[in-house]
Every structure is written in C-alpha cells, then in structure tokens.
Amino acid sequence: MMLYDLTKAAHLIALFVWVGGMAAVALALRYPALIHMKSLKAYDRAVSSPAMIIALLLGISLGVQGGWFTSAWLGMKIVLVLGLAGLHGALVGKLRRAVQDNAREAKPNGKAFLFVGLALLTLIILLVTIKP
C-alpha cells in the first residue's frame, strides 16, 4: 500500500507541475511578451514536458496497481488525458511560433486554451474521484 500511495503522490506532483506550466503558457499567449515567452519555452522543454511524461507513466502504473484497466471510467479518463496532452502540444506549438515571430505579431490568444484545459482537468478529477 505504501508504494501505491507514493506513486499517487508523485503522479499528482507531476500533474500539478505539468498543468501549471500549461496555464503559464496559455497566459503568456493571452498577454504576449517576448521575454516571458522565451523563458517559458525553455521551462516547458526542461520541466513541463518531462512532468507530462512522468505523470502519464505514473498514471499507467497506478492503473496497473489498482487493476482498473477494465474500468469504463479509466477509459474515459485516458481519452481526456490524451486531450490534455494534445492541448499541451498545441500550446507549445503556438508558443514556439510566437518566439520565432519575436512576439511582435503575436496577437493575444489563449483564452480558449485556459477554458478547455480547466474543463478537461475538472472532468479528469471527477472521474478519478467518483470512479463511476
């Protein structure tokens, strides 16, 4: 049981770091400033993207430890997590383009990313908590 608890704690920490990085990128796209975008690009490469990979791997480990891979709720959660990972990719792509364009032509954008990310995260948390 101790291994499961440690795995869950590490999964949640990685998730918070990943989603926090995504929120920072979405806000930077909403209010573009080149100095922040360059830093966030480096931060994403060094911290947020590895945290995403760690969260996914630990999530798989938790699913195996819990024996939940036959559960419908986990299937739904996996689809939502893949959506969150896709959103991360879209955010990083927009960030990369904004940095390449020197942010001078970057139009404020990112409001939808924040909303979609929050909606996905909320649904994921509900599924994991309720396990319908």
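It should be emphasised that the depicted structure is a prediction, and the values quoted were computed from it without experimental measurement. Counting of residues starts from 1 at the beginning of each chain's written sequence and follows it residue by residue. This being a predicted model, a pLDDT of at least 70 is required before a residue's local features are given, and a value of 80 or more before pairs of side-chain atoms are given or counted; all residues contribute to the totals for chains, interfaces and linings. Water and hydrogen atoms were dropped before computing side-chain values, which therefore reflect all heavy atoms in the structure.

What is the right way to look at helix H4 (residues 111–130) in this model?
Since one α-helical turn is 3.6 residues long, residues separated by three or four positions face the same way. For the purposes of this entry, the term helix denotes a DSSP run of H or I that reaches at least four residues, the term strand denotes a run of E that reaches at least two, and both are numbered from the N terminus. Any helix carries an expected span of 1.5 Å times its number of residues minus one. With 20 residues, H4 extends 29 Å from end C-alpha to end C-alpha; this agrees with the ideal 28 Å at 1.5 Å per step. Of all the residues in H4, the buried ones are Phe-113, Gly-117, Leu-120, Leu-121, Ile-124 and Leu-127. Buried residues of H4, viewed axially, fall in a sector of 125 degrees; they line one side. Opposite the packed face of H4, turned more than 90 degrees from it, sit the exposed residues Lys-111, Ala-112, Phe-115, Leu-118, Thr-129 and Ile-130. When accessible area is computed with a 1.4 Å probe and restricted to protein chains, residues below 20% of their type maximum are described as buried, those above 50% as exposed, and intermediate ones as partly exposed. Note that the arc is computed from the directions linking the helix axis to the C-beta atoms.

In this structure, what is going on with the environment of Ile-130? I would like to understand it.
Structurally, Ile-130 is set in helix H4. Exposure remark for Ile-130: the relative accessible area of 57% places this residue in the exposed category. Considering only alpha carbons, one finds Ile-130 and Gln-100, 30 residues apart in sequence, at a separation of 43 Å.

Can you walk me through the packing of aromatic side chains in this structure?
A ring pair, where both rings are aromatic, is described by two values, the distance of the centres and the angle of the planes. Centres within 6.5 Å are what make two rings of Phe, Tyr or Trp a pair, Trp counting through its six-membered ring; a difference in plane orientation under 30 degrees is then read as stacked, over 60 as edge-to-face, and the rest as tilted. Evaluation of the coordinates by the stated rule reveals 2 aromatic pairs. Both rings, one in Tyr-4 and one in Trp-68, keep their centres 6.2 Å apart while their planes meet at 75 degrees; by these two values the pair is edge-to-face. Taken as a pair, Tyr-4 in helix H1 (residues 2–30) and Trp-68 in the loop between helix H2 (34–66) and helix H3 (72–100) lie far apart in primary sequence, 64 residues in all. Residue Tyr-4 is classed as buried on the basis of its relative accessible area, which comes to 18%. Counting every residue linked through ring pairs, the aromatic cluster contains Tyr-4, Trp-68 and Trp-73. Above the plane of the ring of Trp-68 lies Lys-131, whose end atom (NZ or CZ) is 5.0 Å from the centre. Above the face of the Trp-73 ring, Lys-131 is positioned so that its terminal group lies 5.3 Å from the ring centre. Placement of a charge over a ring requires the Lys NZ or Arg CZ to be within 6 Å of the ring centre, with the centre-to-atom vector within 35 degrees of the ring normal.

Read these as spatial facts, not as claims about activity.
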